[in-house]
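Read off the chains here:
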Amino acid sequence: MANRGEQWSSKIGFILAAAGSAIGLGAIWRLPYVAGTNGGGAFFVIFLLFTLLLGTTLLLAEFVIGRRTNKNAIQAYKEIAPNSLWHGIGILGVVTSFLLLSFYSVVGGWILTYFIRSLTGGLTDPATGDFGELFGSIISNHWEVGAAHLGFMLITILIVQGGIQKGIERASTLMMPLLFILFLILVIRSLTLEGAMEGVTFFLQPDWSEVTSETILFALGQAFFSLSLGVSIMVTYSSYLSKKDDLVRSATSIVGLSVFIAVLAGLAIFPGVFAFGLEPDEGPSLIFTVLPAVFSEMAFGSVFLSMFLALLLFATLTSAFSLLEIVVATTSKSDPAKRKKMAWSMGLIIFLIGIPSNLSFGLLGEWLIFGDTFFNQLDFLVSNILLPLGALLISIFVPLKMSKSALQEELLRSSNLGSGFFQVWFITIRYIAPIAIAIAFLNVLGIL
Ligand code: PHE
């Protein structure tokens, strides 16, 4: 169904909202700990390569589908390839977003709880003097993290049920630049800690001996995760774009911003890890132990920490909105009368499905599925299987089902780039992307 003529009110608004979906826990929470458990610098370099090469290409592919059709994530595929099964890509995107939000909101809840605690100053100065222990005691407190998890989902539902364009667009325009500034302050403090250089080396100097086939799949998954790719969210967001907008420029700005944040996050976290003698491979709790420690070394640290957590919460929410939005837009078939009901029912079901992920850090901590917790397995399924799979299908769909002339027209509209750029993009989406993703999959399965 058409999107009722809704449009972003300005190009920068769209870029910030799409960047808001992209920038979130992926770059700030997930990248540091996944890099930390997968060899540091080498992981980061591979992630960067995948982001610049495949990420940008796929982002443009999703934009082309969205703007060409102006339809939601399922209808868009139906319009381009009627009477076929290709809209399964949209359905896969909706299911993946649903599962992703179920554990994303758990971490969103941790940030909410950290933020609330930071307001009373209880974070920069833990009674035990041990930030790892503090994190452990917070997340095994089921009622607190449960309430925060629910609180995070309620905020997401409340915003999405009202139609998000104006709200997200306006808030993103204000808060994203603030997040950059606070990050810069944090990086400066982190880099000037004693022993910081060891962290910089860990993060920026690749040690190729650590690279395995899993590292490559993880880096690929991380690249898609941090650009919100493979789930047709970018199809949805670009369906609200006007024909005047330059897709290439928007895509490069979004990739540029999210890479910038990823580098800043690494430079903020790893020096702190080494300066405080922590372990880079401690997993999902990494930023929750390192950040309060770094802030506690700063003048007015608790004020800055609260501000930082508020902005991180915001970055997390803008990603969560996009995840719930795609579920609501498709299940309500873009019917405004059903939006409210769908936002509440889907949002609450996602919350319930997220409970085992939440309990993975407490009551269900010993419940292992194939050797890992429910939370970690669900994250693995979504990030390393479903996102790359969605991206693979999109990279097959676009050159197969859309004509070359339509693609060129859509991609280069309002852009001053020539057909040379189009050719490079076309070859990447048609050959390089599907082959690279397929190799990464087969490699991990041990087939290649
Ligand atoms: N890109 C978001 C982040 O980095 C997560 C996300 C993935 C959001 C896929 C939407 C779709 O936090």
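Residues numbered from 1 in each chain as written. Predicted model: local features only at pLDDT ≥ 70, side-chain atom pairs only at ≥ 80, totals over all residues.

Student: I'm lost on the overall build of the protein chain in this one. Help?
Tutor: Regarding its fold elements, the protein chain presents 18 helices and two strands. For the protein chain, the spread of C-alpha atoms along the principal axes amounts to about 65 × 50 × 45 Å. Summarising the internal contacts of the protein chain: among those between residues at least 6 apart in sequence, 86% fall at separations of at least 24. (Helix = DSSP H or I, 4+ residues; strand = E, 2+ residues; numbered from the N terminus. Contact = placed C-beta atoms within 7 Å.)

Student: Even after reading the chapter, I still don't get unusual backbone geometry, so can you show me in this structure?
Tutor: Trans is the prevailing form of peptide bonds, just as negative phi is the prevailing case for residues other than glycine. Here the phi dihedral of Ser228 falls at roughly 55°; this positive angle occurs in a residue that is not glycine. The phi dihedral of Ser232 falls on the positive side, at around 65°, and the residue is not glycine. Here Ser232 lies in the loop between α10 (213-226) and α11 (233-238). With 31 C-beta atoms packed within 10 Å, Ser232 lands in the buried category. (Buried ≥ 20, exposed ≤ 12 C-beta atoms within 10 Å, placed from the backbone.)

Student: Please clarify how the nonpolar core should be interpreted in this entry.
Tutor: Note on soluble globular proteins: their nonpolar side chains tend to be buried together. Formed by 151 residues in total, the largest nonpolar core has its most connected members in Leu59, Leu60 and Leu324. At 17 residues, helix α12 (residues 247-275) tops the list of elements feeding residues into this core. In contact with Leu60, not counting residues within four places along its chain, are Leu247, Val248, Ala251, Leu411 and Trp425. (Core = buried A, V, L, I, M, F, W, Y, C linked by C-beta atoms within 7 Å.)

Student: Would you mind going over helix α14 (residues 301-331) with me for this structure?
Tutor: One turn of an α-helix holds 3.6 residues; hence residues three or four places apart share an orientation. Between its first and last C-alpha, α14 extends 44 Å over 31 residues, near the 45 Å set by a 1.5 Å rise per residue. Among the 31 residues that make up α14, 24 are buried, leaving the element largely enclosed by the rest of the structure. Backbone geometry just downstream of α14 places Lys333 in the positive-phi region, at approximately 50°. (Expected span 1.5 Å × (residues − 1).)

Student: Whenever I open this one, the site of the ligand confuses me. Can you help?
Tutor: Close contacts around the ligand come from 15 residues, with Gly24, Leu25, Gly26, Ser228 and Ser319 the closest. For the shell around the ligand, the secondary structure elements donating two or more residues are α1 (11-22), α2 (25-37), α10 and α14. Tallied by class, residues from the shell around the ligand come to eight nonpolar, seven polar and no charged. (Near = placed C-beta within 6 Å. Nonpolar A, V, L, I, M, F, W, Y, C, P; charged D, E, K, R; others polar.)

Student: Would you explain the environment of Phe422 in this entry?
Tutor: Examined against the element boundaries, Phe422 turns out to sit in helix α18 (residues 419-444). Aside from chain neighbours lying at most four places away, what touches Phe422 is Gln408, Leu411 and Leu412.

Student: Looking at this structure, I do not really get the environment of Val107. What am I missing?
Tutor: Relative to the helices and strands, Val107 is located in helix α5 (residues 88-119). Under the C-beta neighbour-count criterion, Val107 is labelled buried, with 24 such atoms within 10 Å. Through-space distance from the C-alpha of Val107 to that of Leu400 is 38 Å; in sequence the pair is 293 residues apart.

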